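# What the coordinates show
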Amino acid sequence: MAQTAAASKTVKFIITRQDNPESKAYTEEFEVPYRPGMNVISALMEIQRNPKNAQGQTTSPVCWDSNCLEEVCGACSMVINGKPRQACAALIDKLEQPIRIQPMKTFPVVRDLVIDRSRMFSALKRVKAWIPIDGTYDLGPGPRMAEKKRQWAYELSKCMTCGVCLEACPNVNEKTDFIGPAAISQVRLFNAHPTGELNKEERLEALMQDGGIEGCGNSQNCVRSCPKGIPLTTSIAEMNKETTKHLFKRWLSV
């Protein structure tokens with residue numbers, strides 16, 4: 001009897017769609033057969049398999065990004081019931097219906113729920129969020145990181161560039177060039193690395209430019225929304241301190 005009841009149950013979705021970057025957004029309703037344990041991604045897959053809206057009309061399949069389905073890649077970020085989050089971790093049983101799905105507004109829409117996250121990746125390039133290497137040959141073991149430092153640095157390394165913190169931040173929008181909390185936190189991570197520290201001042205200089213750390217309004221939305229629980233506000237506070245110290249050091253050396 002329980003299986004029969006589950007088979008007859010449906011889940012209602014109201015999805016914001018957009019055919020291309022220049023077209024106007026619109027909403028379309030869908031009803032998907034319920035299955036125990038399903039998440040938003042499995043529901044979108046069902047719509048893709050059978051692209052008919054709630055009125056029974058055949059429509060184009062909904063487009064979205066996903067990859068790992070384990071809340072690791074960050075690709076399936078979207079706004080679900082008003083909250084930016086990962087669709088793979090959004091369980092249907094824990095969501096209020098009808099489930100409203102929208103693309104993140106901080107980034108340009110490519111189509112439907114697919115967004116262009118170039119803004120975030122450009123910010124990471126701007127602060128050189130990587131460890132430089134000297135060639136591709138074996139250089140032997142690198143310098144060791146102190147265990148106390150490694151523990152908090154590991155928490156920062158969990159960032160999956162999902163863009164949720166930028167979507168939640170009121171200071172990241174089309175009217176500003178603020179790089180956002182993710183890039184600031186990555187500066188802290190790579191400046192803590194024994195090899196990455198070689199480019200420490202260069203990264204701090206990047207944070208001190210227009211659109212850098214001064215753009216943070218300390219709303220703390222980022223740390224509340226981060227799906228990995230990364231201490232973003234702690235990183236921002238630390239980088240505020242480091243850029244201030246760097247500024248005074250630069251003045252005194254003139």
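Above this text you will find the structure in question.
The structure displayed is predicted, hence computed values, not measured ones.

## Structural notes on the overall build of the chain
- Within the chain, the secondary structure is distributed over 9 helices and 7 strands.
- Its C-alpha atoms give the chain principal-axis dimensions of roughly 75 × 40 × 35 Å.
- A sequence separation of at least 24 residues applies to 61% of the contacts in the chain between residues at least 6 apart.
- Distance between charge centres in the chain, computed from 33 positive and 28 negative side chains, equals 4 Å.

## Concerning the state of the cysteines
- One pass over the full model with this rule turns up 0 disulfides.
- Cys 68 takes part in no disulfide bond, and the closest cysteine sulfur, belonging to Cys 73, lies 3.6 Å away.
- Judged by relative accessible area, Cys 68 falls into the partly exposed class, the value being 26%.

## Considering the layout of surface pockets
- Roughly 160 Å³ of volume is contained in the largest pocket.
- Looking at the largest pocket, the residues that line it are Lys 149, Trp 152, Arg 188, Asn 191, Ala 192, Glu 197, Lys 200, Glu 238, Met 239 and Glu 242.
- Within the residue set of the lining of the largest pocket, elements represented by two or more residues are helix H4 (147-156), helix H6 (181-192) and helix H9 (232-252).
- By residue class, the composition of the lining of the largest pocket is 3 nonpolar, 1 polar and 6 charged.

Quick notes on the rules
- Residues numbered from 1 in each chain as written.
- Predicted model: local features only at pLDDT ≥ 70, side-chain atom pairs only at ≥ 80, totals over all residues.
- Heavy atoms only, no water.
- Helix = DSSP H or I, 4+ residues; strand = E, 2+ residues; numbered from the N terminus.
- Contact = heavy atoms within 4.5 Å.
- Lys, Arg positive; Asp, Glu negative; His and termini not counted.
- Charge placed at Lys NZ, Arg CZ, Asp CG, Glu CD.
- Disulfide = S-S within 2.5 Å.
- Buried < 20%, exposed > 50% of the residue type's maximum accessible area, 1.4 Å probe, protein only.
- 1 Å grid on protein atoms, 1.4 Å probe; cavity = no way out; pocket = protein on both sides within 12 Å on 5 of 7 lines; lining within 4 Å.
- Points joined across faces, edges and corners; volume = space filled by probe spheres on them.
- Nonpolar A, V, L, I, M, F, W, Y, C, P; charged D, E, K, R; others polar.

By themselves these figures say nothing about function.
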